[in-house]
Number of protein chains: 2
Amino acid sequence: MKDASKKRPTIRDVAKVADVSVATVSRFLNGKTQKMSDQTAERIRVAIKKMNYVPNSAAREMARNSSRIIAVLAANIADYFSVEIYRGISSRVEEAGYISVLLNSGSSLTHERQLLHSINQHGFDGLVFQPLTSDTEQVAGELTRDFPVVVVDRDLPRSTWPKVVTDNYEAARSTTEYFADQGFQRVVVLTSTIELASTRIQRFQGISQAASTIETIEIDENNFQPDAVYGALKKALSRPGKCLLFALKERWLLEFLPRLMKEHVIDEARTAVTGFADTALIGSICPYAKVVSQNPFLMGQRAGEILLQMLKGKKNIPEESVIKAQFKH
Amino acid sequence: MKDASKKRPTIRDVAKVADVSVATVSRFLNGKTQKMSDQTAERIRVAIKKMNYVPNSAAREMARNSSRIIAVLAANIADYFSVEIYRGISSRVEEAGYISVLLNSGSSLTHERQLLHSINQHGFDGLVFQPLTSDTEQVAGELTRDFPVVVVDRDLPRSTWPKVVTDNYEAARSTTEYFADQGFQRVVVLTSTIELASTRIQRFQGISQAASTIETIEIDENNFQPDAVYGALKKALSRPGKCLLFALKERWLLEFLPRLMKEHVIDEARTAVTGFADTALIGSICPYAKVVSQNPFLMGQRAGEILLQMLKGKKNIPEESVIKAQFKH
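The shown structure was predicted, so the numbers you read here are calculated from the model rather than taken from an experiment. (Residues numbered from 1 in each chain as written. Chains lettered and ligands numbered in written order. Predicted model: local features only at pLDDT ≥ 70, side-chain atom pairs only at ≥ 80, totals over all residues. Heavy atoms only, no water.)

> Residues and numbers for the overall build of chain A, please.
Secondary structure summary: chain A contains 13 helices and twelve strands in total. The C-alpha radius of gyration of chain A comes to 26 Å, more than 25% above the 20 Å expected for a compact globule of 329 residues. Along the first, second and third principal axes, the C-alpha set of chain A runs to 90 × 45 × 35 Å. Restricting to contacts in chain A with at least 6 residues of sequence separation, those with at least 24 account for 69%. Approximately 14600 Å² of chain A is accessible, and the part contributed by carbon and sulfur atoms is 48%. Side-chain charges in chain A split into 43 positive and 37 negative, and the spacing between the mean points of these groups amounts to 8 Å. (Helix = DSSP H or I, 4+ residues; strand = E, 2+ residues; numbered from the N terminus. Rg over C-alpha atoms; globule rule 2.2 N^0.38 Å. Contact = heavy atoms within 4.5 Å. Areas by Shrake-Rupley, 256 points an atom, 1.4 Å probe, with all protein chains shown as cover. Lys, Arg positive; Asp, Glu negative; His and termini not counted. Charge placed at Lys NZ, Arg CZ, Asp CG, Glu CD.)

Given below as structure tokens:
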């Protein structure tokens, strides 16, 4: 194994050893050898082998103006949902010769902005982006370079990037209706601040359509107070009569269900439990929960497909692709 | 928002509009303006603004021979452990002006090899790598370029890359001893194929040191048969007397504990439960489990620090950094 401090051979070194110009070596590396003598090509080949030269792909970038890397900016890689979207994208773009790399906003708007800035700078071929909010200005201010972008799981009003979304309104409405028909007509909605994200607004509207009464517990992700939220949740769920707990994100079920179960705040007869969730873990924590799955792997695959079409310069890119959620009951 | 198919302006376009050579624009972009007239610099500035030109960072790469991106290749991003390592690395390298991007071997050796090949090609500044196995040849065959690499959570024999590891032997030994002192002297070890990974070998040796008897259930990750494994596990755990279930990876506890609990195969009086695990979920599934946490965020931070030192060309890089695991009891 070579000493890690030894500098790697550059195109200049190869040119020197082969006794040609850098431009000539560059032409060789990019396959433009028609005007080159066999002797010259052979000298270059030998020099490359001798020095164990691996072309810095930046040289290729300059020639091709393409790095063949797709960036995927996830809202939070601690969420199974984000990880599955990335796996779906990878499965598609890697077939076409790209590699996809994952970056993490970590639920921080500041960090999201910094990463968008870096992604804009770095010359990635394309971006699949799962925004934290539906704030288009936050995004458009940073993504000034013209390169293909696909948005996942959010509307970004007044933007023209294609998007891949869930049928949020209808999935929430029909799920709520199912439980209402079983007598669970009062709904306790557990969610992050609704107005910040199109998906939450649509889900809330769907629930409102089918529920008799709604009590909403909104969590400020920038100032998350677990005990205060648990207190409000416990109070809402302890009121007399049957009710449905509807969490708009899996993270909130994982956060609060274990304690609600342990402290017997909820029970199968009085409380129905649902939410948008994709792992098998919810069923382990609360066996009578019936969740709505968004199928993030498929959403990622669709986003990857759309991005590839954009990279090929195709024109008729669908503005919105809807992947229907599945209610498991 | 511009039409996504419009090509972004290149350095050549700017040179044309400013009526200078590409080399001159390049010097301007890299701050080498000492020999340039004010007029020329101003023409270039105006041209850049007019065309909304964003320097392709590949140009910077050529000038600087550095892309300022750290690649992190995880064994499996579905594991909380891998995600936390990445978050730890990011927290360190981003302070120093790098961005770190995550790639996913997805527990597949073939995929790991392909990604190592791509990473080698692409000119990333550095790599933090969480190998699937301790097979050094698999890795060394692909990482032929000289650039800083730090290995996390595995030994790679006969390699010289610095590594960040857990005190696997001692953590496993002392944990087993704790339970043995409480009468749980028979141990059922639940693990992926032991011989493939240094960490598993070390943990198994530690357990062997403190246990009276051991029964081992080894899972072939390339041919995972959940029902067959569950059957063997149930048989081992149902034998008379007390025993300790020791899982060498969190994934196996998440996979099997819910069903073992549900079917009453285990109970607090007869079965102690432990394993290497980092999330709070295990406690939700089995309240009497007492796990060993590796502190992956800290491991990632240490790996990031070491990588930064290597990038600065420092010489005395520690070959091995040990982050001690914590037994929560």
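> Go over the side chain of Ser293(A), please, and point to the residues and values.
Residues and elements named next belong to chain A. Locating Ser293 in the fold gives a position in strand S10 (residues 292-293). Accessibility expressed as a relative area gives 10% for Ser293, which makes it buried. Looking at Ser293, its side chain comes within polar contact range of the side chain of Asp278, at 3.1 Å. The residues contacting Ser293, other than those within four sequence positions of it, are Ala277, Asp278, Ala325, Gln326 and Lys328. (Buried < 20%, exposed > 50% of the residue type's maximum accessible area, 1.4 Å probe, protein only. Polar contact = N/O pair within 3.5 Å; in protein donor to acceptor, adjacent residues only side chain to side chain.)

> Go over the packing of aromatic side chains, please, and point to the residues and values.
Enumeration over the complete set of coordinates arrives at 14 aromatic pairs over all chains. Centroid distance Tyr178(A) to Phe179(A): 5.0 Å. Interplanar angle 85°. Geometry classified as edge-to-face. Note on Tyr178(A): relative accessible area 21%, which makes it partly exposed. By relative accessible area, Phe179(A) is classed as buried at 3%. It is Arg251(B) that lies over the ring of Phe224(B); its NZ or CZ is 5.4 Å from the centre. (Phe/Tyr/Trp six-rings, centres within 6.5 Å; stacked < 30°, edge-to-face > 60°. Lys NZ or Arg CZ within 6 Å of the ring centre and 35° of its normal.)

> Describe the nonpolar core, naming the residues involved and giving the relevant values.
Counting 56 residues, the largest nonpolar core has Leu190(A) and Leu190(B) as the members making the most contacts within it. Leave out the neighbours within four places in its chain, and Leu190(A) touches Ile217(A), Ile219(A), Val229(A), Leu233(A), Leu245(A), Phe246(A), Ala247(A), Leu248(A), Trp252(A) and Phe256(A). Listed in part, the 46 residues of the second largest apolar core include Val72(B), Tyr98(B), Val128(B) and Ile306(B). (Core = buried A, V, L, I, M, F, W, Y, C linked by side-chain atoms within 4.5 Å.)

> Can you tell me about the sheet that holds strand S7 (residues 213-219) of chain B, naming the residues and giving the values?
Residues and elements named next belong to chain B. Strand order across the open sheet formed by four strands is S7-S6-S8-S9, with parallel pairing between neighbours. In this open sheet, the two strands that pair with only one neighbour each are S7 and strand S9 (271-275). Each adjacent strand pair in this sheet contributes to an overall mean axis angle of 20°, direction not counted. Sheet analysis places strand S6 (residues 186-192) next to S7, joined by seven bridges and oriented parallel. Note on S7: the bridge partner recorded for Val187 is Ile214. Against the sheet, helix H8 (residues 168-181) engages S6, strand S8 (243-247) and S9, with an angle of about 155° to S8. Against the sheet, helix H9 (residues 198-210) contacts S6, S7 and S8, and its axis sits at roughly 175° relative to S6. (Pairing = 2+ DSSP bridges. Axes fitted to C-alpha atoms, helices over the stretch in contact; angles between N-to-C directions.)

> Kindly report on the domain arrangement of chain A, identifying the contributing residues and their values.
Assigned domains within chain A: domain 1 (11-64), domain 2 (69-165 + 296-322) and domain 3 (168-293). Each of domain 1 of chain A and domain 3 of chain A has a C-alpha centre, and these two points are 62 Å apart. (Domains from an automatic or database assignment.)

> Help me get a handle on the pattern of salt bridges, residues and values and all.
Opposite charge on two side chains allows them to pair when their charged atoms are near. Tallied over the full model, the rule gives 39 salt bridges over all chains. Taking the shortest distance from any N to any O, the salt bridge between Asp153(A) and Arg154(A) comes out at 3.6 Å. When its relative accessible area of 6% is taken as the criterion, Asp153(A) is described as buried. Across the pair Arg251(B) and Glu221(B) runs a salt bridge whose closest N-O atoms are separated by 3.8 Å. Taken together, the residues Arg251(B) in helix H11 (residues 250-262) and Glu221(B) in the loop between S7 and helix H10 (226-238) connect sequence positions 30 residues apart. We classify Glu221(B) as partly exposed; its relative accessible area is 24%. Here the residues in one salt-bridge network are Arg92(A), Glu95(A), Arg302(A) and Glu305(A), joined through shared partners. (Salt bridge = Lys/Arg side-chain N within 4 Å of Asp/Glu carboxyl O.)

> Lay out the sheet that holds strand S7 (residues 213-219) of chain A in plain terms, naming residues and giving numbers.
All names here are of chain A. Sheet architecture is open: four strands sit in the order S7-S6-S8-S9, paired in parallel fashion. Taken across any chain shown, the strands that pair with only one partner, and hence form the sheet edges, are S7 and strand S9 (271-275). Shown here is a sheet whose adjacent strand axes are inclined to one another by a mean of 20°, direction ignored. On top of the sheet, helix H8 (residues 168-181) reaches strand S6 (186-192), strand S8 (243-247) and S9; it is set at about 155° to S8, its chief contact. Packed onto the sheet, helix H9 (residues 198-210) meets S6, S7 and S8 and runs at close to 175° relative to S6.

> So what's going on with the side chain of Gln138(B)? Residues and values would help.
All names here are of chain B. Along the polypeptide, Gln138 turns up in helix H7 (residues 136-140). For Gln138, a relative accessible area of 9% puts it in the buried group. Of the polar contacts made by the side chain of Gln138, one reaches the side chain of Glu112; its length is 2.9 Å. Not counting chain neighbours up to four residues away, the residues in contact with Gln138 comprise Leu109, Glu112, Arg113 and Leu116.

> Before we move on, could you go through the pairing of strand S5 (residues 163-166) of chain B and cite the residues and values that matter?
Residue and element names in this part refer to chain B. Of the two faces of S5, the one carrying Lys163 and Val165 and the one carrying Val164 and Thr166 are both buried. The sheet contact formed by strand S4 (residues 149-152) and S5 spans two bridges and is parallel. Across the sheet, Val152 pairs through a bridge with Val164, a residue of S5. Inspection of the sheet shows S5 paired to strand S11 (residues 320-323) by four bridges, in the parallel sense. Looking at S11, one finds that Lys163 is bridged to Glu320.

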